[in-house]
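Listed below, chain by chain, are the residues.
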Amino acid sequence: MSDIGILRGMAAFLVAGGLGILSLLAFLACLFAVGSDAASRKVALTRHAAFPHVRGLLFCLLGYGSVVAFLLAVDGEWAFHDAQRWLDETILLWAGAILALWPASVLAARRGAARG
């Protein structure tokens, strides 16, 4: 699919866009749940136990959004043909790496809380 000039980067765009929309919905749902629970317990939002999940979902949203922004910014430019081809051919790699930001953020917050 990447070898056809018009469709170059299309699979990567669809995957990043779809996962970005799912990340946005998950981020908003998690933010609403954590916010309402924090308000009922009268705890600051950032001090809530599930706040690292909100931050991790935000990282995923920013990652997928940056891939979409990159693909939209370089659409049709020959210099970025290899980058668009690479994004098409390695969808599982970069999509999985961006999705791994969520549990990595939670793990980093837990380790940081245990140290400090």
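That block above? That's the structure.
Residues numbered from 1 in each chain as written. Predicted model: local features only at pLDDT ≥ 70, side-chain atom pairs only at ≥ 80, totals over all residues. Heavy atoms only, no water.

Quick look at the pattern of salt bridges
A complete count under the given rule lists 2 salt bridges for this structure. Here Arg 41 and Asp 37 are joined by a salt bridge, their closest N and O atoms 3.3 Å apart. Within this pair, Arg 41 and its partner Asp 37 are both found in helix α1 (residues 10-41), separated by 4 residues, close to a single helical turn. Arg 41 gets classed as exposed once you look at its relative accessible area, which sits at 57%. Note on Asp 37: relative accessible area 24%, which makes it partly exposed. Residue Arg 85 is joined to Glu 89 by a salt bridge in which the shortest nitrogen-to-oxygen separation is 3.8 Å. Taken together, the residues span about one helical turn, with Arg 85 and Glu 89 both in helix α3 (residues 81-89) at a distance of 4 residues. Residue Glu 89 is classed as exposed on the basis of its relative accessible area, which comes to 57%. (Salt bridge = Lys/Arg side-chain N within 4 Å of Asp/Glu carboxyl O. Helix = DSSP H or I, 4+ residues; strand = E, 2+ residues; numbered from the N terminus. Buried < 20%, exposed > 50% of the residue type's maximum accessible area, 1.4 Å probe, protein only.)

Considering the packing of helix α2 (residues 51-73) against helix α4 (residues 91-99)
Where α2 meets α4, the axes come as close as 8 Å, and the angle between the chain directions of the two elements is 150°. As judged from the angle between their axes, α2 and α4 are roughly antiparallel. Taken together, the residues of α4 that come into contact with α2 (itself represented by Cys 60, Gly 63, Tyr 64 and Val 67) are Trp 94, Ala 95, Ile 98 and Leu 99. Counted by class, the contact of α2 with α4 contains 7 nonpolar, 1 polar and no charged residues. (Axes fitted to C-alpha atoms, helices over the stretch in contact; angles between N-to-C directions. Parallel < 35°, antiparallel > 145°, perpendicular 65-115°, else oblique. Contact = heavy atoms within 4.5 Å. Nonpolar A, V, L, I, M, F, W, Y, C, P; charged D, E, K, R; others polar.)

Thoughts on the packing of α2 against helix α5 (residues 101-115)
Where α2 contacts α5, the two axes come as close as 8 Å, and the packing angle between them is 145°. For the pair α2 and α5, the sense of crossing is right-handed. Contacts between α2 and α5 involve Pro 52, His 53, Arg 55, Gly 56, Leu 57, Phe 59 and Cys 60 from the former and Leu 101, Trp 102, Ser 105, Val 106, Ala 109 and Arg 110 from the latter. Partitioning the contact of α2 with α5 into residue classes produces 8 nonpolar, 3 polar and 2 charged. (Left-handed = near helix turned anticlockwise from the far one by under 90°.)

What about the environment of Trp 78?
Mapping Trp 78 onto the fold places it in the loop between α2 and α3. Once the C-alpha coordinates of Trp 78 and Glu 89 are considered, the two residues, 11 residues apart in sequence, prove to be 17 Å apart.

Side note on the nonpolar core
Ranked by size, the top nonpolar core spans 13 residues in total, and within it Tyr 64, Val 67, Leu 87 and Trp 94 carry the most contacts. Elements with a minimum of two residues in this core: α1, α2 and α4. Apart from residues lying up to four places away in sequence, Trp 94 is in contact with Ala 12, Val 15, Ala 16, Tyr 64, Val 67, Trp 86 and Leu 87. If you look at the next biggest cluster of nonpolar residues, it comprises 6 residues, including Phe 27, Val 34, Val 54 and Leu 57. (Core = buried A, V, L, I, M, F, W, Y, C linked by side-chain atoms within 4.5 Å.)

Quick word on the environment of Gly 35
Mapped onto the elements, Gly 35 comes out in helix α1. Spatially, the C-alpha atoms of Gly 35 and Ala 114 are 24 Å apart, while their sequence positions differ by 79 residues.

By themselves, these are just geometric observations and shouldn't be taken as functional.
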